[in-house]
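So you can see what is in the structure, the chains are spelled out below.
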Amino acid sequence: MVGTQAKRDAAEYSIKDHQISQRHACALFTLSRSTYKYKPKQSDRNEFLKIKLKSLALQRRRFGSPRLYVMLRREGVIVNHKRVERIYQQEGLQIKKRKKKRQTAPLRIVTPLPERPNERWSMDFVSDQLSNGKRFRTLNVVDDYTRECLAIEVNASLPGYKVIQVLEKVIDERERPKIIVCDNGPEFSGALLDEWSFKNNIKLDFISPGRPVENCFIESFNGRFRDECLNENWFINLEKAKEIIELWREDYNTARPHSSLNNLTPSEFVEQHRLKHKT
């Protein structure tokens, strides 16, 4: 069966290219003249959604349609997710996927999930460079239960004693974790951190060499951090890098919806947990 739009297109072609009358063309394609003349009205609501969606996509350049939908709902825009997806596609707001190196998929290991905040943390290093080509590193610390980013320490060098300073600062603001998951890098496996963890009754849980999948929480965070922060900014010096990265960390904890937390932010999830377990 030929659709109405196809009939309209065929009738319009016949009128323009074959110089037949509108009445004749409509009769030829069994199309009423009122249907042929109908011009779809542009919905004001769709226009508002387009503007709002484009604005959010500009602010959150690495957010896809589902996460932008959550942001719209947060701002009080009541809309069906299918309409958001349709406008998202029409306006060409799709995220350009960055190419990754092809790797052999490692064996997946199911890690028991923590059951409360501060039960288990994960930490890891990420490297990047300034606009002048100088390298810097970040030490990222994440709570595996709440998905909060507890700290991102930025410096040209981050030896073992600096790792301890960062951890002690976070512990002062929260409480001591039972376990910290990390890789076998020299900063983590050295004598300084080993002695500190023993004194503080904290277990250092080292992943198997070459098996980052065993530290999945921090690896997932590192991917978001690089995609949404490091790759999206130009750092002119170390101080500017610290400022931009700290602002992103705060936004990650307080504004960015997290799919594994039922689209709550880590801060909202922490508050929900607190109210639920309030005595």
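Bear in mind the structure is a predicted one, so any value in this text is a computation, not a measurement. Along each chain, residue indices are assigned from 1 in the same order as the chain's sequence is written. Local features in this predicted model are restricted to residues of pLDDT 70 or higher, and side-chain atom pairs are both shown and tallied only at a pLDDT of 80 or more, whereas totals for entire chains, interfaces and linings draw on every residue. Computation of side-chain values covers all heavy atoms of the structure but excludes hydrogens and water.

Side note on the pattern of salt bridges
Let me state the cut-off plainly: Salt bridge, as used here: a side-chain nitrogen of Lys or Arg that lies within 4 Å of a carboxyl oxygen of Asp or Glu. The secondary structure listing takes helices from DSSP runs of H or I that are at least 4 residues long and strands from runs of E that are at least 2 residues long, numbered from the N terminus. For each residue, the accessible area found with a 1.4 Å probe, counting protein chains only, is set against the maximum for its type, and the residue is called buried under 20%, exposed over 50%, and partly exposed in between.
Counting across every chain of the model gives 20 salt bridges. Note that glutamate 75 is salt-bridged to lysine 52, the shortest N-O span being 2.7 Å. In this pair, glutamate 75 is assigned in the loop between helix H5 (65-74) and helix H6 (81-90) and lysine 52 in helix H4 (residues 44-59), connecting sequence segments 23 residues apart. Here glutamate 75 falls in the partly exposed class, since its relative accessible area comes to 45%. Classification of lysine 52 by relative accessible area gives partly exposed; the value is 24%. Here lysine 54 ties to glutamate 91 by a salt bridge, and the two come within 2.9 Å at their closest N and O atoms. Placement of the pair is lysine 54 in helix H4 and glutamate 91 in the loop between H6 and strand S1 (120-129), with a sequence separation of 37 residues. What makes lysine 54 partly exposed here is its relative accessible area of 41%. On the basis of relative accessibility, which here comes to 23%, the residue glutamate 91 falls in the partly exposed class.

Considering the pairing of strand S4 (residues 179-182)
The side chains of a regular strand alternate, first on one face of the sheet and then on the other. Put simply, the rule is: If DSSP finds at least two bridges between two strands, the strands pair.
Judged from the three bridges that link them, S1 and S4 form a sheet pairing that is parallel. The residue bridging arginine 120 from the neighbouring strand is isoleucine 179, located in S4. For S4 and strand S5 (residues 203-206), the ladder comprises four bridges, and the chain directions are parallel. Its bridge partner being in S5, cysteine 182 is matched across the sheet by phenylalanine 206.

Some words on the confidence of the model for the protein
Basically, it comes down to this: As a per-residue quantity, pLDDT reports the predictor's confidence and falls between 0 and 100. Any two residues having at least one pair of non-hydrogen atoms within 4.5 Å are treated as being in contact.
The pLDDT averaged across the protein works out to 87; a share of 91% of its residues lies at or above 70. For the stretch residues 104-109, pLDDT sits under 50, and the model shows six contacts to residues farther than four places along the chain or on other chains.

A closer look at the sheet that holds strand S2 (residues 135-143)
Our working rule: The angle between two axes is taken between their N-to-C directions and runs from 0 to 180 degrees, where each axis is a line fitted to C-alpha atoms and a helix contributes only its stretch in contact.
Read across the sheet, five strands follow the order S3-S2-S1-S4-S5 without closing on themselves; strand pairing throughout is mixed. The strands lining the two open edges of the sheet, one partner per strand, are strand S3 (149-155) and S5. Ignoring which end each strand starts from, the neighbouring axes of this sheet average 25 degrees apart. Helix H10 (residues 216-228) rests against S1, S2 and S3 of the sheet, and its axis sits at about 35 degrees to S1.

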